[in-house]
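Spelled out from the first residue to the last, the chains are:
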Amino acid sequence: MKENNFTRRDFLKLYGAGATLLLANKFGIHSIAWADPKKKSLKMVLVDYSKCTGCRTCEAVCSAYNNPVKINGENLLGLGNPVYSRIRVHSFNPDVDVPNVCNMCPDAPCVKACPVEPEPKTGRKAIYRDEKTQTIQTDLSRCIACGSCAKACAEQRTGVIELDPKTGKPRPICNLCGGDPQCVKHCPFNALSLVEVKTNRKFYGQSPKKIATELAKKWYGVSDLGGLK
Amino acid sequence: MSSVKGYFGKLLYIDLSSGKIEKRTIPEEDLTKFIGGRGLGAKILWDNLKKPGIDPLSPENPIIFTTGPFSGFPVPSASRTCVVTKSPLTSPVRSTYPHASTITYSNIGGFFGPELRFAGYDGIVITGKANSLCYIVIDDERVEIRDAKKFKGMRTDAFDKKILEELKDRRYKTVYIGPAGENLVRYACIIHTSARAAGRGGVGCVMGSKNLKAIAVKGSSQPNVANHKKFLTALEKARLTLQNSPSTKYWRNYGTAGYIVKSSDQGTETVRNFREGTFPEAYKIGAEAARRDVWVRDIACLYCPLACKKSGRTKGKYGGIVHDGPEYETGVMLGTNLLISDMAGLLKIIYNVDDLGIDAISVGAVIGYLMEAYEKGMINKKFLDGIDLKWGSVDATLKIIDKIAYRDGVGELASKGVKALSQKIGQGSEKFAIHVKGTELAAHNIQGNPPRALCYATANRGGCHLNGDNAQAQNFRAMIDSTGVCLFPAMDNSYEEPIISMLSAITGIEYDRAQFLKAGERVFNLEKLFNYREGFRREDDWLPDRFFEDAFTIGPKKGAVLDRAKFRDMLNQYYKERGWDTETTKPSESKIKELGLAKII
Ligand code: SF4
Ligand code: SF4
Ligand code: SF4
Ligand code: SF4
C-alpha cells in the first residue's frame, strides 16, 4: 500500500545513496526527501482534493477503528459514529470537500500553546508529541480545558482540534492508526495517502476554508464560498 | 432505545399550529413490519389520516421524514431520507372526495437522514401550520421552532449558504423549500445541499402549506445493532462488492447522465413531449460532452462509493452557472423533451429549477405539454403572457419556469400540473398531457417499452419511473426505499445479498430474499390500500392516449406504439399476481391477511 511498498531495506539503500526519491503514484508526483533514519520521520495523511468526493467513508472507518467495542471478550471495530472521527470532511457550496486531519507539524504550535507544565519525567504537556507514533496526543487528566491548543491550531494551521462540548477538552487527534491508517486504506476514491511531512507542500497546514476557497476559484471560478463559519 | 435493534424507536412529532414538540415511541410492530423509510412513512401516514379525502394542503396532512435501519451506520450508500405525505398533485378519474389524492414518497440522497439518526430520531412527523414562515432546528435532544420571516422568498442556493451562517455551525444538515414551495406550486420539491431534491409528488408544496421553510439537524449518537460481529462481516462484504463492481466504475464516470445518449440510441428516451424515443442531438448534452465541457468534480452522498453526482461550471452564452448536472432525469426532461441541446442553456434551466425549488421532472413535462399545445395552435402567445414558447427555446423555457414558480399569469394554471392544464385547455390535448394519476411521467419513454409502461401505470405515487417494471421489482424497490440505502447500487444484483445480510445483522431479524420481498410487498400494499380508500380504481392505472396512438417516427424503435388490448392483458396478469381484484384493483382479503395488514386497516 502506497509508500509502504518500500521496504525498510529499500529505504536505507536509497537514503544511503543520498538519494531523493521521486514517487510517481496515484496522488501525483511527489519528491520525498527522506528524513534522517536515526531520527524518527514524521508522516501524515495527505489529501488529493481532486479525487475526494466528500463521501465521508474516512470519518466512519477512523471512528470505528479508534473506538473499538468489546463484545463477548472480543475486541471489535466500533460502529463508526463520525462525531468521534479524527479526520473531518468539511463541505462547501459550491461543491468542494476538504477532509481535514492533523498535519503533524514539526513545530507543533498546538503543543507550544498548551500552558500546562511539562511532566518532569516524560516532558509531556497535556498535549504532546508521542515518542512512539510521532503523532500529537493528549493527556486529558492533566488538561485544564483552556482550549489554547485548538485556538493555536485553528489560527496557525488546520484547525483540526475539536473540543468536546461537554468537557471543553480536545477530542483525540490522528494517531495514524498505529501505522496502518484506516482512512487511507478505505477511501473508496484513493484520495488519501500516507506520506512524509513536507511543510513546503501546497496547502500544507492550511484551514479547510482557505483550501476550499482556492479550490473553488480553480474549479468553478468563484470566490464566494457558502456554508462557511 | 428501542427494543427492536437498529433503531432508536423514536419519532419527533412537531405540531406547527400549537408549537408542541413531542418525542413519541414507535410501536415495535411498526418497525418490524414496515422497516423504515418509505414503509414506516406509509404506516405513519395511515395512522395520522384516519379518513379519506383530507385536503393535502390542510394542517391535518402530516409531512413525514423517515430514515431506515441503515441510516447512520457506515453502510455504503445508506444516504437516503424518505419524505412521505398525501400528495397535493395527484387525483383520481372520479371519486366521492373532492380532495382525493394518492400517497407520495419522495426520496432524497445526501446527508440529512443519517444526521437525523445521529440526533436520535428515526423520523420526524410535522403537522399543523405555523402562523408565519418558520424553520425547525434539531440539535440532539434540543428542538426549536424558529422564525424564518427574513428568509421569505429566498431561493434555495442562497438559502443553503445563509442558513449555515445563521446557525454558525457547518455540521448542520439542512432541507428547505424555495419560492415554488412557499407559493404552493403543486409540484414544488424539497432541496438539500442546493442541488439534491426530494422531487416528486409535491412534498415541497406540503411543506410550504405549513409555513415551514427548512429543517436543520445535527446530532452525535447512533443506535445499537443486534449482531455486531455479523454486521461487521456483512459490511466488509458490502464494501468489497461495490468496490469491485463494474457498475460502480460506470456510475463514477458517467453518473446517470451516461444514459442520456444510450437511451436515445435505444429509443427509450423522453423526447418532444413523449412523442419520440430518440433525439439525434442527445450527444450534445450527454455525459461525454459534460465531462469535457462542464464537470470538474464527482460528488458522493454519505458513505457512497458511486459518486454519481457531477458538478461543474458552464461557459458560453448562458455560461457562468456553477451547479450539478445534467443528470439523466434533469437532462432529458428539461433537455431532450423540450428539444433543447444547448448544454449551457440546459444547465441554466436546471439551476433555476433547483434554485426555485420545482420538481424538474414535472416541470419538464408541463413545459413539453405547453410547447406542443402552442405548436398545435390550441393556445396562443397571449395565453402564454407573450412568451414565444417554441420547441428548443432556452429563453422561453426560463421565462415560463419563473412564471410557474411565482404562479404568475399562465404560471397559475401551469403550477397545478399537466392534468389541470389539459382539463382547462381541452381540445383533445388530454391525449398528450402526460401523467398517470396526475403525476407527470419521467425521462423514460414507453411506446417501445411495455414493462416500463406498467411501471408508470401502477406506481402508487402516480407516473413514477422508479417504481419497478413488475410486481417483484416493485416489492424489492419498496423495501430498498425502506432501508435507507440508495437504489442505484442496489440495481447491481451483487449488492442484494450484502444488503439483506446487513439488514438481518442490524435488526436481528433473519431475512432471506423471500422475506425481504414479502416485507416490500407489505409496504406496497399498504400504499395501495391508502390510494384505494381515496377512491383510486383500475381506470386510474391507465396511460394517456399518446402512447397507444403516436408511434415513434424516428430511431431504432421507429413504429413502436403500445397496444391497448395487450396492455390491458398485462395489467390483468399483474393484478392477478398481486392478488388484487382485476375489476377494481382492490387487494383481496386473503392477500391483506397474508401480509399481516388486516389489523391495521
Ligand atoms: S473517504 Fe476519501 S473520498 Fe470520501 S470524504 Fe474521505 S477522503 Fe474524501
Ligand atoms: S497545530 Fe494542528 S495540525 Fe499542527 S500538529 Fe498541532 S494539531 Fe496537528
Ligand atoms: S485544552 Fe488542554 S491540551 Fe489544549 S492547551 Fe489547554 S490544557 Fe493543553
Ligand atoms: S490515520 Fe487513522 S487516526 Fe488518522 S485520520 Fe486516518 S483513520 Fe483516523
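Quick note: structure is the one above.
What counts and what doesn't
- Along each chain, residues carry numbers from 1 onward, in the same order as the chain's sequence is written.
- Starting at A for chains and at 1 for ligands, labels are handed out in the order in which the entities are written.
- With pLDDT at 70 or above as the cut-off, local features in this predicted model cover only qualifying residues; side-chain atom pairs require 80 or more to be listed or tallied, and sums for whole chains, interfaces and linings still use all residues.
- Neither water nor hydrogens contribute to the side-chain values; these are computed over all heavy atoms in the structure.
- Secondary structure follows DSSP: runs of H or I at least 4 residues long count as helices, runs of E at least 2 residues long count as strands, and numbering of each begins at the N terminus.
- In this treatment the radius of gyration is a C-alpha quantity, and the globule benchmark scales as 2.2 Å times the residue count to the 0.38 power.
- Note on exposure labels: buried denotes an accessible area under 20% of the residue type's maximum, exposed denotes more than 50%, and partly exposed covers the range between, all computed with a 1.4 Å probe on protein chains only.
- In this analysis, two residues are considered to be in contact whenever any of their non-hydrogen atoms come within 4.5 Å of each other.
- Calculation of accessible area relied on Shrake-Rupley with a 1.4 Å probe; when residues are assessed, cover is drawn exclusively from the protein chains displayed.
- Only four residue types enter the charge count, namely Lys and Arg as positive and Asp and Glu as negative; His and the chain termini do not.
- Note that the charge is assigned to NZ on lysines, CZ on arginines, CG on aspartates and CD on glutamates.
- By convention a nonpolar core is built from buried Ala, Val, Leu, Ile, Met, Phe, Trp, Tyr and Cys residues, the set being connected through side-chain atoms within 4.5 Å.
- Structural elements are reduced to axes, namely lines fitted to C-alpha atoms, with helices fitted over the stretch in contact, and the angle between N-to-C directions of any two is expressed from 0 to 180 degrees.
- Helix crossings fall into two classes, left-handed where the near helix is turned counterclockwise from the far one by less than a right angle and right-handed where it is turned clockwise.
- In the scheme used here, Gly and all other residues not listed as nonpolar or charged are polar, with Ala, Val, Leu, Ile, Met, Phe, Trp, Tyr, Cys and Pro taken as nonpolar and Asp, Glu, Lys and Arg as charged.
- A pair of strands counts as paired when DSSP detects no fewer than two bridges linking them.
- Here a residue is near a molecule or strand as soon as one of its heavy atoms is found within 4 Å of it.
- Once two parts are joined, some of their accessible surface, as seen by a 1.4 Å probe, is lost; buried area is that loss totalled over both.
- The term salt bridge refers to a pairing of a side-chain nitrogen on Lys or Arg with a carboxyl oxygen on Asp or Glu at a separation within 4 Å.
- Counting of polar contacts relies on pairs of N or O atoms within 3.5 Å, with two restrictions inside protein: one atom must be capable of donating a hydrogen and the other of accepting it, and residues adjacent in sequence are counted only when both atoms are side-chain atoms.

**A closer look at the overall build of chain B**
A count of helices and strands for chain B gives 24 helices and 17 strands. On C-alpha atoms alone, chain B measures out to a radius of gyration of 22 Å, which is about the 25 Å that the 2.2 N^0.38 rule sets for 601 residues. If one aligns the C-alpha atoms of chain B with their principal axes, the spans along those axes are about 65 × 55 × 50 Å. Scored against the burial criterion, the 601 residues of chain B give a buried share of 67%. Considering only intrachain contacts with a sequence separation of at least 6, the fraction spanning at least 24 residues in chain B is 70%. About 19,300 Å² of surface is accessible on chain B, with carbon and sulfur atoms providing 50% of the total. Here chain B carries 86 positive and 69 negative side-chain charges, and the mean point of each set is 1 Å from the other.

**Here we look at the overall build of chain A**
Scanning chain A from N- to C-terminus turns up 6 helices and 10 strands. Here chain A holds 229 residues, and the buried ones make up 52% of them. Of all intrachain contacts in chain A linking residues separated by at least 6 positions in sequence, the fraction that spans at least 24 positions is 60%. Just so you have it, chain A exposes about 10,900 Å², and 52% of that area is on carbon and sulfur atoms.

**Section: the nonpolar core**
Residues Val96(A), Ile161(A), Leu192(A), Phe70(B), Val75(B), Phe231(B) and Met502(B) are the most contacted members of the largest nonpolar core, which totals 121 residues. When residues in this core are grouped by element, the largest group, 7 residues, is from helix α21 (residues 513–534) of chain B. Apart from the residues lying within four places of it in its own chain, the contact partners of Phe231(B) are Leu79(A), Phe73(B), Pro74(B), Val75(B), Met502(B), Ala505(B) and Ile506(B). If you look at the next biggest cluster of nonpolar residues, it comprises 116 residues, including Leu57(B), Ala119(B), Val332(B) and Ala453(B).

**So, the packing of helix α17 (residues 450–458) of chain B against helix α23 (residues 564–578) of chain B**
Residues and elements named next belong to chain B. Relative orientation of the contacting elements α17 and α23 amounts to 60 degrees, with a least axis distance of 11 Å. In this structure, α17 meets α23 at a crossing whose hand is right-handed. Residues Pro450, Pro451, Ala453, Leu454, Ala457 and Thr458 of α17 touch α23, and the partners they reach there are Phe567, Met570, Leu571 and Tyr574. Partitioning the contact of α17 with α23 into residue classes produces 9 nonpolar, 1 polar and no charged.

**Details of the environment of Gly596(B)**
All names here are of chain B. With respect to the helices, strands and loops of the structure, glycine 596 is situated in the segment after α24 (589–594). Taking relative accessible area as the criterion, glycine 596 reaches 21% and is therefore assigned partly exposed. C-alpha separation for the pair glycine 596 and arginine 522, spaced 74 residues apart in sequence, amounts to 7.8 Å.

**Some remarks on the sheet that holds strand β3 (residues 63–66) of chain B**
Whether parallel or antiparallel, the strands of a sheet pair through hydrogen bonds between backbone atoms. Residues and elements named next belong to chain B. On the basis of which strands lie adjacent, the open sheet formed by 6 strands has the order β2-β1-β6-β3-β4-β5 and mixed pairing. Across the chains shown, the open sheet's two edge strands, defined by having one partner strand only, are β2 (20–25) and β5 (103–108). Going from strand to strand, the sheet's axes swing by 20 degrees on average, the running direction of each strand aside. Bridge count between strand β1 (residues 10–15) and β2: 6 bridges; the pairing is antiparallel. Bridged to leucine 11 within β2 is arginine 24.

**Quick notes on the site of ligand 1**
Surveying the vicinity of ligand 1 reveals 13 residues, the closest of which are Cys52(A), Cys55(A), Arg56(A), Cys58(A) and Cys187(A). Here the residues of the shell around ligand 1 are counted per class, giving 9 nonpolar, 3 polar and 1 charged.

**A word on the interface of chain B and chain A**
At the junction of the two partners, chain B supplies 45 residues and chain A supplies 44 residues. Between chain B and chain A, a total of about 3,500 Å² is buried, with carbon and sulfur atoms accounting for 55% of that surface. The largest per-residue losses of area from chain B upon contact with chain A belong to Arg170(B), His228(B) and Arg297(B), which jointly make up 22% of the total buried on that side. Our enumeration of links across chain B and chain A arrives at 3 salt bridges. Notably, a salt bridge pairs Asp95(A) with Lys309(B), separated by 2.8 Å at the nearest N-O pair. Viewed at the interface, chain A and chain B are joined by 18 residue pairs in polar contact (both at pLDDT 80 or more). Elements supplying a minimum of two residues to the side of chain B that touches chain A: α4 (156–167), α7 (228–244), β13 (295–299) and β14 (309–313) of chain B. Sorting elements by how many residues they give to the side of chain B that touches chain A places α7(B) first, with 7 residues. Classifying every residue of the side of chain B that touches chain A by side-chain character gives 20 nonpolar, 9 polar and 16 charged.

**Digging into the site of ligand 4**
All names here are of chain A. Near ligand 4 lie 13 residues; those nearest to it are Cys62, Cys174, Asn175, Cys177 and Cys183. Elements supplying a minimum of two residues to the shell around ligand 4: α2 (57–66) and α5 (182–186). The residue makeup of the shell around ligand 4, split by class, is 9 nonpolar, 3 polar and 1 charged.

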